[in-house]
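The chain contents come next:
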Amino acid sequence: MTATLTQTETERVVTSWLGEFESALTAGDAARAADLFTEDSFWRDLIAFTWNIKTVEGRAGITDLLTETVARVQPRDWRIAEGEQPSDAGGLIEAWIEFQTSVGRGRGHLRLRDGLAWTLLTTLYELTGHEEPRGEQRPKGAEHGVNRSRMTWQQQREREAAELGHTEQPEVLIVGGGQGGIALGARLRQLGVPTIIIDKRARPGDQWRSRYKSLCLHDPVWYDHLPYLKFPDNWPVFAPKDKIADWLESYTKIMELNYWSNTEAKSAAYDESTQQWTVTVEREGQPVVLRPRQLVLATGMSGKPNLPSWPGMEAFRGDQHHSSAHPGPDAYRGKKCVVIGSNNSAFDICGALWENGADVTMVQRSSTHIVRSDSLMDIGLSALYSEQAVAAGMSTEKADLTFASLPYRIMHEFQIPLYEQMRARDQDFYDRLEASGFDHDWGADGSGLFMKYLRRGSGYYIDVGAADLVANGDVKLAKGQVDHLTENSVVLADGTELPADLVVYATGYGSMNGWAADLISPEVADLVGKCWGLGSDTPKDPGPWEGEERNMWKPTQQPALWFHGGNLHQSRHYSLYLALQLKARMEKIPTPVYGLQEVHHTS
């Protein structure tokens, strides 16, 4: 067992490595810098070197990255982050670091093994000369002195709202006003980037208000803060949907976002010669043409609802709809309800229908991973996102970077032991669930929920109680593929007939580039390719290996088209790097992209 170093020795090791690294970079010697890494190393860069979200692997990958970027980036002043102390855990040294580049300031995380770097995270968090107006740079708000042409803060906001999109064009148009679009809009506002967010719904937050009434966040509050403005200390651990909706609406006002509700994007086209988009929107029933330089689709990490097409659907006499359009259980007391699917939405809807006195059957078509919420909180998230983590000094931003510091290639290795603990803790529950006939899995390699989320965005349920209904038989379980519908039933491939007054299709969503196909063209959708997934070659995440989420928060093969989405954590964290990419382009800062993602899958 390797002896643990003293604090002074640990700092000396990190400082020495950083010094040698900086010396090699300053000399432009990519090979010498790469020799400071282990053979099985990983360097994850969030725009600092690559103007991309990119992970390279091994010394060859690091050499290539530096050969292409170091002369332009001019990285310097590598040091241990102020106020941080490196740690040594049995030979693995971890350190928070800071550095500067030719255009901005960076921070990151370093893991050393036997004196060589095993993992390196570098992120750009600020552009020199374009810092956010906060701290000592915060705006005064009041204008002291006398001025006959004085405009109040409110008058300035009213003028901006009247001009932007009409006499003045936005630099960025964000299509989609959910948490992703709002988080990005807040970042861009603070960076001085003229931005309009559009959403077809009447009010910010309606994306949540319109969903079934039992919907709540399954992720805990510490994981879900928005940029700049954290939830109050008395905010519920799992926020109900209407509370989140009201928070989002308030946030858009407090952060002074230019949010156009009742506005739907109808068409978009990019002009290579002018490097502008022409986007036709319908606002309050009236057509408006916008000409932004950058177009962001912030329609969530999931694309359009996957509504199946089975024989007999047109003949079915009851109610039928996709889970995204489910109004809730109130109209279905005493009715026979069939929910097709066995993921988060399916369980939530089954649970609410059963509580309201409906006769409920779940149709499971493929295996599902389930983890109990309390176990996920205690074992999976508590080290970074919990009250205990906050008390130990773990800020939201530090937690986000800690999570980001683990390369996706090896993340499953860290997840597997956690899910083994959860399985042991809840073995009785899993025994009952599987005894009911439910097909349960732990992911392709036993790595559980979060890797399923990153790889495919489906195939799991965070159990807040409804799984017990299936295990106990209160919600009936049917298994197999749907063959057809009749006037009053769902018929499975094995001939099983399920009488139904309601059919809910909890059948998931397509890739986000489906929105690009509708708004721009199928050709552009195919040009950028599939969104989401790592290329892990596991079910519903075909290879080849990508190393990062496809097309998310980074440049795509279509110039000036971006995709932004994910859960609240991802919307918060990655909105910073997307906002900086957009700000740099507005300011004409050169942004040569290293490792622009190739397209392997078009849908």
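Calculation criteria
Residues numbered from 1 in each chain as written. Predicted model: local features only at pLDDT ≥ 70, side-chain atom pairs only at ≥ 80, totals over all residues. Heavy atoms only, no water. Helix = DSSP H or I, 4+ residues; strand = E, 2+ residues; numbered from the N terminus. Rg over C-alpha atoms; globule rule 2.2 N^0.38 Å. Buried < 20%, exposed > 50% of the residue type's maximum accessible area, 1.4 Å probe, protein only. Contact = heavy atoms within 4.5 Å. Pairing = 2+ DSSP bridges. Expected span 1.5 Å × (residues − 1). Bend = angle between axes of the 7 residues up to and from the residue. Axes fitted to C-alpha atoms, helices over the stretch in contact; angles between N-to-C directions. Parallel < 35°, antiparallel > 145°, perpendicular 65-115°, else oblique. Left-handed = near helix turned anticlockwise from the far one by under 90°. Nonpolar A, V, L, I, M, F, W, Y, C, P; charged D, E, K, R; others polar. 1 Å grid on protein atoms, 1.4 Å probe; cavity = no way out; pocket = protein on both sides within 12 Å on 5 of 7 lines; lining within 4 Å. Points joined across faces, edges and corners; volume = space filled by probe spheres on them.

Asker: How would you sum up the overall build of the protein? Please name residues and give values.
Answerer: Looking only at helices and strands, one finds 18 helices and 25 strands in the protein. In terms of overall size, the protein behaves like a compact globule, its C-alpha atoms giving a radius of gyration of 25 Å where 603 residues would be expected to give roughly 25 Å. Taken over 603 residues, the protein has a buried fraction of 54%. Considering only contacts in the protein between residues 6 or more positions apart, those separated by 24 or more positions represent 66%.

Asker: An account of the pairing of strand β2 (residues 53-57) is needed here, citing residue identities and associated values.
Answerer: For strand β1 (residues 37-46) and β2, the ladder comprises 5 bridges, and the chain directions are antiparallel. Across the sheet, the residue bridging to Asp-45 is Lys-54, located in β2. With antiparallel pairing between neighbouring strands as the criterion, β1 and β2 make up a hairpin whose turn holds 6 residues, including Ile-47 at a positive phi of roughly 70°.

Asker: Can you tell me about helix α3 (residues 58-73), naming the residues and giving the values?
Answerer: Taking 1.5 Å of rise per residue, 16 residues should cover 22 Å, and α3 covers 21 Å from first to last C-alpha, within 8% of that figure. Its axis deflected by about 40° at Thr-67, α3 carries its strongest bend there. What α3 keeps buried is the set Gly-58, Gly-61, Ile-62, Leu-65, Leu-66, Thr-69, Val-70 and Val-73. Of the surrounding elements, those touching the buried residues of α3 are α1 (7-26), α2 (30-34), β1 and β2.

Asker: Describe the sheet that holds strand β12 (residues 276-283), listing the residues and the values that go with them.
Answerer: Strand order in this open sheet of 3 strands is β11-β12-β13, and the pairing throughout is antiparallel. Looking at which strands have only one partner, the edges of the open sheet turn out to be β11 (263-271) and β13 (286-290). On average, adjacent strands in this sheet sit at an angle of 15° to one another, irrespective of strand direction.

Asker: Residues and numbers for the packing of helix α5 (residues 179-190) against helix α7 (residues 241-254), please.
Answerer: One can describe the packing of α5 onto α7 by two numbers: an axis separation of 11 Å at closest approach and a directional angle of 20°. As far as their axial angle goes, α7 and α5 are roughly parallel. Crossing handedness for the pair α5 and α7: left-handed. Counted together, Gln-179, Ile-182 and Ala-186 of α5 and Leu-248, Tyr-251 and Thr-252 of α7 form the full contact between these two elements. Classifying every residue of the contact of α5 with α7 by side-chain character gives 4 nonpolar, 2 polar and no charged.

Asker: Just give me the short version of the layout of surface pockets, but keep the residues and values in it.
Answerer: Considered as a void within the structure, the second largest pocket measures approximately 760 Å³ in volume. Secondary-structure elements contributing two or more residues to the lining of the second largest pocket are β5 (92-100), β6 (104-113), β7 (116-127), α11 (396-404) and α18 (568-586). Of the residues assigned to the lining of the second largest pocket, the class counts are 13 nonpolar, 7 polar and 14 charged.

Asker: Which residues make up empty space enclosed by the protein, and what values go with them?
Answerer: Applying the stated criterion across every chain yields a total of 2 cavities of 30 Å³ or more. There is about 70 Å³ of room inside the largest cavity. Lining the largest cavity, in full, are Arg-44, Asp-400, Phe-403, Ala-404, Tyr-408, Phe-450, Leu-454, His-569, Gln-570, His-573 and Tyr-574. Elements supplying a minimum of two residues to the lining of the largest cavity: α11, α14 (448-456) and α18.

Asker: Tell me about α1, and name the residues and values.
Answerer: The α-helix winds at 3.6 residues per turn, so residues separated by three or four positions along the chain end up facing the same way. Relative to the 28 Å expected for 20 residues at 1.5 Å per residue, α1 spans 28 Å between its end C-alpha atoms, a close match to the ideal helical length. One or two steps after α1, the chain reaches Gly-28, where phi turns positive at roughly 70°.

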